[in-house]
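Inside the fold
The chain contents come next:
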Amino acid sequence: MSRRVWIFVLAAPVVAAAALLISGGRSVTASAGQAPASSAEVKIDNFSFGPTTLTVAPGTTVTWTNRDDIPHTVVSDDKVFKSKVLDTDEKFSFTFTKPGTYGYFCSIHPKMTGKVVVQ
Amino acid sequence: MIGVAKAFDPGTVLLAKHAQHVVLVHFPIALFLTGVAFDWVARWKKRKALAEAAYYNLLLAAASTLPVVVTGVLAWQFQLEGERLKGILLLHLVMGWASTLLICAVWWVHFRARRRGTASPGYLRVVECVAVAAVALTGHLGGFLSGVSGG
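Residues numbered from 1 in each chain as written. Chains lettered and ligands numbered in written order. Predicted model: local features only at pLDDT ≥ 70, side-chain atom pairs only at ≥ 80, totals over all residues.

Summing up its helical and strand segments, chain A has one helix and eight strands in all. In sequence order, chain A lays out its α and β elements as α-β-β-β-β-β-β-β-β. Out of the 119 residues in chain A, the part that is buried amounts to 23%. Within chain A, residue pairs in contact and separated by at least 24 positions form 44% of the contacts whose partners lie at least 6 positions apart. (Helix = DSSP H or I, 4+ residues; strand = E, 2+ residues; numbered from the N terminus. Buried ≥ 20, exposed ≤ 12 C-beta atoms within 10 Å, placed from the backbone. Contact = placed C-beta atoms within 7 Å.)

A separate point is the sheet that holds strand E2 (residues 48-50) of chain A. Residue and element names in this part refer to chain A. Spatially, the four strands line up as an open sheet ordered E2-E1-E4-E6, and their pairing is mixed. The open sheet has two edge strands with one neighbour each: E2 and strand E6 (91-96). Shown here is a sheet whose adjacent strand axes are inclined to one another by a mean of 20°, direction ignored. Direction of pairing for strand E4 (residues 60-66) relative to E6: antiparallel, over a ladder of six bridges. Each residue of the ladder has a partner; that of Thr60, found in E6, is Phe96. (Pairing = 2+ DSSP bridges. Axes fitted to C-alpha atoms, helices over the stretch in contact; angles between N-to-C directions.)

Along the chain, A:Gly50 connects to A:Pro51 via a cis peptide bond; the corresponding omega equals 0°. With respect to the secondary-structure elements, A:Pro51 resides in the loop between E2 and strand E3 (53-56). Backbone geometry at A:Asn46 places phi at a positive 50°, although glycine is not the residue there. Summarising the element assignment, A:Asn46 is placed in the loop between strand E1 (39-45) and E2. Of note in the backbone geometry, B:Glu81 takes a positive phi value of approximately 50° without being a glycine. With respect to the helices and strands, B:Glu81 occurs in the loop between helix H5 (48-79) and helix H6 (87-116).

So, on to the interface of chain A and chain B. Taken together, the 12 residues of chain A in the interface contact 13 residues of chain B. Residue classes in the side of chain A that touches chain B are distributed as six nonpolar, two polar and four charged. (Nonpolar A, V, L, I, M, F, W, Y, C, P; charged D, E, K, R; others polar.)

Turning our eyes to something else, we now look at the confidence of the model for chain A. In the predicted model, chain A carries a mean pLDDT of 79, and 69% of its residues have values of at least 70. Below pLDDT 50 for its whole length, residues 16-35 of chain A participates in zero contacts with residues either more than four positions away or in separate chains. (pLDDT = per-residue confidence, 0-100.)

Take helix H7 (residues 123-146) of chain B next. All names here are of chain B. The terminal C-alpha atoms of H7, which comprises 24 residues, lie 35 Å apart, in line with the 34 Å expected from a rise of 1.5 Å per residue. Those residues of H7 that are buried are in contact with helix H4 (26-45) and H6. Note on H7: the residue one or two positions beyond its end, Gly147, has a positive phi of about 90°. (Expected span 1.5 Å × (residues − 1).)

Residues and elements named next belong to chain B. Between H4 and H5, the shortest axis-to-axis distance is 7 Å and the interhelical angle comes to 160°. Relative to H5, the element H4 lies roughly antiparallel. Viewed along their axes, H4 and H5 form a crossing whose handedness is left-handed. In contact with Phe27, Pro28, Leu31, Phe32, Thr34, Gly35, Phe38, Asp39, Val41, Ala42 and Lys45 of H4, H5 contributes Leu50, Ala51, Ala53, Ala54, Asn57, Leu58, Leu60, Ala61, Ser64, Thr65 and Val68. Within the contact of H4 with H5, the residues separate by chemical class into 15 nonpolar, five polar and two charged. (Parallel < 35°, antiparallel > 145°, perpendicular 65-115°, else oblique. Left-handed = near helix turned anticlockwise from the far one by under 90°.)

Taken in spatial order, the four strands of this open sheet run E3-E8-E7-E5 (chain A), and their pairing is mixed. Two strands bound the open sheet, and with one partner strand each, they are E3 and strand E5 (75-76) of chain A.

In structure tokens:
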């Protein structure tokens, strides 16, 4: 066998593997991008909600986690949802089924506000 | 300018969510601490005028605890819908009640001594020290909760 053939025989599986890897990765990324997000997180820290405005698809469950040393609550402006007092590391979740804009605040610290946009 | 206008709008000030307790609480704290300080200096310097000033500061401190307790309980009932408290909120509530009782007790002992025309009893100094510590701790917890201190 000539030297060129040997190079081809050795390189072919490597090239094929690399091609499969790249194409497989692309397909995973694509499927991840197409599927609607089913959950999202809002962090409560330093007397603020982060992100302040969260945009999600209908059916998404949003979970608020209190990372602050201070107790906080999550109460929607129009009383659609309302958490109990959340101590440090406690969580509250709500599933948004209807499109719309849901403003919310902390009832202990009313200056803390946030918004969930469902679209 | 909108902010300035809002600061002087009675509706905004009176109906602000949960703001009254945070504002009113400063009156008994300041009056009580000043009253105790005057009382101690009055004893040390034997100044009757300072003792009078101490008494009226303590009287006003005791009286001003009433709106503070009422607005605190209302904030709990309205903002948290009377939810069972825990952690810092519960500690603040318990210390608030203890401070209120101690402030009223200090004034009451002073009031009784004045009515009898006698000097206030020696144990009152200890009660005053405990009350000052309780007020300071309650205030610290309140400040921590509201984000003024600590957080």
